[in-house]
Amino acid sequence: PVLDNEAGAAIRQALARAGGGTAGGEGWVKRATYHGFLDLNHVRRPGTRGAGSHFRGKAVEAVTTLEVPSDLAARVRVAWDDHLVMRVNDGEPIDFGANQHFRQRTVDVPLKRGRNRVSVILSNEAGTNHGGWAFAFRATKPDGTILVPRFEGR
C-alpha cells in the first residue's frame, strides 16, 4: 500500500513499530520482480500521466517470504534510493538510511526454519533520479545459494 510519508512519518512508524505487522491497510498489489528488482512506479503511480508523474512525500511497503530448510544467517543485499527500512519476521527494524542516489548495502539477517516474512518500506521523493522509486533485493544462504522470494499474501 501507498503510505503517507510527510516529514518522514511512514519511516518513523516503521522504525518505532514493535514486532512484525503491516504499516498500511488496504491496497495490496501482487507483483513479480525482475531478478529481485522492483520498480514501484510501475506498480503505483498517481492518476496523472507522463514521465515526471510520481508520488512525493509517500512510501510503500513491499512484503515477501523467504523459505529455508533450517535456521541460518542469510546475506541480504539491497540497492535503493530515498529511505529504506527492512524487517525480518518480528525482529528489530533495520534502518538502511537515506540515499540521494541508487546505492547498495549488504547485511546478515537471521532466518528461522520454514517461512520468514521480509518487509521493506521505501520512501519516495523527487531526488536526483527524478522520482524513480525502485529497489533491488537479493538473499543468499551461507553457501551462496540464492533464496528465491515468494509472495504469501498479507
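Use the structure listed above.
The following refers to the structure shown. (Residues numbered from 1 in each chain as written. Predicted model: local features only at pLDDT ≥ 70, side-chain atom pairs only at ≥ 80, totals over all residues. Heavy atoms only, no water.)

Focus on the overall build of the protein chain
Now for step 1: Helix and strand counts for the protein chain stand at two helices and eight strands.
Now for step 2: Reading the protein chain from its N terminus to its C terminus gives the helix and strand order β-α-β-α-β-β-β-β-β-β.
Now for step 3: If you take every contact in the protein chain between residues at least 6 apart in sequence, the share linking residues at least 24 apart comes to 74%.
Now for step 4: Just so you have it, the protein chain exposes about 8,400 Å², and 50% of that area is on carbon and sulfur atoms. (Helix = DSSP H or I, 4+ residues; strand = E, 2+ residues; numbered from the N terminus. Contact = heavy atoms within 4.5 Å. Areas by Shrake-Rupley, 256 points an atom, 1.4 Å probe, with all protein chains shown as cover.)

Some words on the side chain of E61
Now for step 1: Residue position: E61 is located in strand β3 (residues 58-68).
Now for step 2: A distance of 2.5 Å separates the side chain of E61 from the side chain of S119, its partner in a polar contact. (Polar contact = N/O pair within 3.5 Å; in protein donor to acceptor, adjacent residues only side chain to side chain.)

Points about the packing of aromatic side chains
Now for step 1: Under the definition given, this model contains one aromatic pair.
Now for step 2: Across from the ring centre of F96, 5.0 Å away, lies the NZ or CZ of R105, which sits over that ring. (Phe/Tyr/Trp six-rings, centres within 6.5 Å; stacked < 30°, edge-to-face > 60°. Lys NZ or Arg CZ within 6 Å of the ring centre and 35° of its normal.)

What about the nonpolar core?
Now for step 1: V76, L84, M86, V109, L111, F135 and F137 are the most contacted members of the largest nonpolar core, which totals 24 residues.
Now for step 2: Contributions of two or more residues to this core are made by β3, β4 (72-88), β5 (94-111), β6 (114-124) and β7 (134-140).
Now for step 3: At eight residues, β4 tops the list of elements feeding residues into this core.
Now for step 4: The residues touching V76, leaving out its near neighbours within four places in the chain, are M86, R105, T106, V107, V109, F137, R138 and A139.
Now for step 5: Counting seven residues, the second-largest nonpolar core is a separate cluster that includes A14, A59, V85 and I121. (Core = buried A, V, L, I, M, F, W, Y, C linked by side-chain atoms within 4.5 Å. Buried < 20%, exposed > 50% of the residue type's maximum accessible area, 1.4 Å probe, protein only.)

Comments concerning the pattern of salt bridges
Now for step 1: Under the defined criterion, the tally for this structure stands at three salt bridges.
Now for step 2: Of the charged contacts, one joins D108 and R75 as a salt bridge, the two residues approaching to 2.9 Å between their closest N and O atoms. Of this pair, D108 sits in strand β5 while R75 sits in strand β4, and the two are 33 residues apart along the sequence.
Now for step 3: The class of D108 is partly exposed, set by a relative accessible area of 48%. (Salt bridge = Lys/Arg side-chain N within 4 Å of Asp/Glu carboxyl O.)

Digging into helix α1 (residues 9-16)
Now for step 1: Every buried residue belonging to α1 is among A10, I11 and A14, and all of these are buried. Buried residues of α1 fall within an arc of 100° about the axis and therefore sit on the same side.
Now for step 2: On the buried face of α1, the contacting elements are β1 (2-4), β3, β4 and β6. (Arc of directions from axis to C-beta.)

As for the pairing of β4
Side chains on a regular strand alternate between the two faces of the sheet.
Now for step 1: Of all 17 residues making up β4, 14 are buried, and the element is well covered by its neighbours.
Now for step 2: Pairing analysis gives 14 bridges linking β4 to β5, with the strands arranged antiparallel. Note on β5: the bridge partner recorded for W80 is R103.
Now for step 3: Where β4 folds back onto β5 in an antiparallel hairpin, the turn is made up of five residues, including N89, whose phi is positive at roughly 55°.
Now for step 4: Relative to β7, β4 runs antiparallel, the two being bridged by six bridges. Its bridge partner being in β7, R77 is matched across the sheet by R138. (Pairing = 2+ DSSP bridges.)

Focus on the pairing of β3
Now for step 1: Buried residues dominate β3, accounting for nine of its 11 residues.
Now for step 2: Where β1 meets β3, three bridges bridge the pair, whose relative direction is antiparallel. Looking at β3, one finds that D4 is bridged to K58.
Now for step 3: Bridge analysis of β3 against β6 gives 11 bridges, and the strand direction is antiparallel. Within β6, the residue paired with A62 across the bridge is V120.

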